[in-house]
Amino acid sequence: MSQKKNPDYSLKDLQPSQFYISQAKLSNIQAWFRKDDLSNFKPLPVKVLDGIPILTDGHTRAVSAILAGLESVPLVYEEDELDWNLYRYCVEQCNQKGIHSPYDLVDRVISAHEYEEKWIGWCNQVHSKLQQNQKQKAHRAMCLSSLVLFVMNFCSFVSCTH
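Remember, it's a predicted structure, so these values are computed and weren't measured experimentally. (Residues numbered from 1 in each chain as written. Predicted model: local features only at pLDDT ≥ 70, side-chain atom pairs only at ≥ 80, totals over all residues. Heavy atoms only, no water.)

For the protein chain, the average pLDDT comes to 85, and 78% of its residues sit at 70 or higher. Between the elements of the protein chain, mean pLDDT differs from a low of 70, seen in helix α4 (residues 112–161), to a high of 98, seen in strand β5 (residues 109–110). (pLDDT = per-residue confidence, 0-100. Helix = DSSP H or I, 4+ residues; strand = E, 2+ residues; numbered from the N terminus.)

Okay, here's the thing in structure tokens:
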């Protein structure tokens, strides 16, 4: 089911899902970004999750727009099926760090090396933990299923022998 294409939010209304901005990425965007010509500006994807408009990508472009003095930019509803539980966790972590809008990311611009360590490293750890948890849940479900089959077979055997 496709949502409408043009969400009507300002940048201050959007909840980020990441904690840091790479200075290198920001510099690259600022090299082409023109606040009076957004024709090259790819709309920022937004997903309304638990009633909150979440920025799913484009955090650096949002910060670039803020630094250029813009309060809004083109947006589009996120249509990809992403790991929304992971996004919920990222948003929860952002809130704990006091990050409630892209404006809060303006002071969280770090070097490319720090970005790789602090943000990409954190994402990789969280992703690994979530995958491990999913594997454990699948294993438990398989064990439970095997146990149920065993009990059913045992009960059938016992009732057959009596």
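Soluble globular proteins tend to pack their nonpolar side chains together in the buried interior. The biggest cluster of nonpolar side chains holds 15 residues, and the ones touching the most others in it are Phe19, Tyr20, Trp119 and Trp122. Elements represented by at least two residues in this core include exactly α3 (84–96) and α4. In terms of residues, this core owes the most to one element, α4, which gives four residues. Those residues in contact with Trp119 that lie beyond four places of it in its chain are Ser17, Gln18, Phe19, Tyr20 and Glu114. Ranked by size, the runner-up nonpolar core spans 14 residues in total, among them Phe33, Leu44, Val46 and Leu75. (Core = buried A, V, L, I, M, F, W, Y, C linked by side-chain atoms within 4.5 Å. Buried < 20%, exposed > 50% of the residue type's maximum accessible area, 1.4 Å probe, protein only. Contact = heavy atoms within 4.5 Å.)

Before going further, it helps to spend a moment on helix α2 (residues 59–67). Across the nine residues that make up α2, a large majority, eight, are buried. All of the buried residues along α2 are His59, Thr60, Arg61, Ala62, Val63, Ser64, Ala65 and Ile66. Buried positions along α2 lie against β1 (21–22), α1 (23–32), β2 (44–49) and β3 (52–55). A positive phi of about 95 degrees marks Gly69, the residue just after α2.

What follows is about the side chain of Arg61. The residue Arg61 is located in helix α2 in this model. Of the side chains bearing the opposite charge, Asp57 lies closest to the buried Arg61, which forms no salt bridge; the N-O distance is 4.5 Å. (Lys, Arg positive; Asp, Glu negative; His and termini not counted. Salt bridge = Lys/Arg side-chain N within 4 Å of Asp/Glu carboxyl O.)

Once that is clear, we can look at unusual backbone geometry. In this model, Asp50 sits at a positive phi of 55 degrees, which is unusual for a non-glycine residue. Its place among the elements puts Asp50 in the loop between β2 and β3.

On to the packing of α1 against α2, then. At their nearest, the axes of α1 and α2 sit 9 Å apart, and the two run at 55 degrees to each other. In this view, α1 runs oblique relative to α2, as classed from their interaxial angle. Viewed along their axes, α1 and α2 form a crossing whose handedness is right-handed. Taken together, the residues of α2 that come into contact with α1 (itself represented by Lys25, Leu26, Ile29, Gln30 and Trp32) are Thr60, Arg61, Val63, Ser64 and Leu67. (Axes fitted to C-alpha atoms, helices over the stretch in contact; angles between N-to-C directions. Parallel < 35°, antiparallel > 145°, perpendicular 65-115°, else oblique. Left-handed = near helix turned anticlockwise from the far one by under 90°.)

Attention now goes to the packing of aromatic side chains. Inspection of every chain in the model, using the stated rule, returns eight aromatic pairs. Ring geometry for Phe33 against Phe41: centres 5.7 Å apart, planes inclined by 70 degrees, an arrangement best described as edge-to-face. Each of the two residues, Phe33 as well as Phe41, counts as buried. Judged by centre distance (5.4 Å) and plane angle (20 degrees), the rings of Trp119 and Trp122 are stacked. Here the residue Trp119 and the residue Trp122 both occupy positions in helix α4, the gap between them amounting to three residues, near one helical turn. The exposure class of Trp119 is buried, given its relative accessible area of 6%. Within the aromatic cluster, the residues linked to one another by ring pairs are Phe19, Tyr20, Tyr89, Trp119 and Trp122. Cation over ring: Arg61 sits above Phe41, and NZ or CZ is 5.7 Å from the ring centre. Sitting over the face of the ring of Phe19, Lys97 holds its NZ or CZ atom 4.9 Å from the ring centroid. (Phe/Tyr/Trp six-rings, centres within 6.5 Å; stacked < 30°, edge-to-face > 60°. Lys NZ or Arg CZ within 6 Å of the ring centre and 35° of its normal.)

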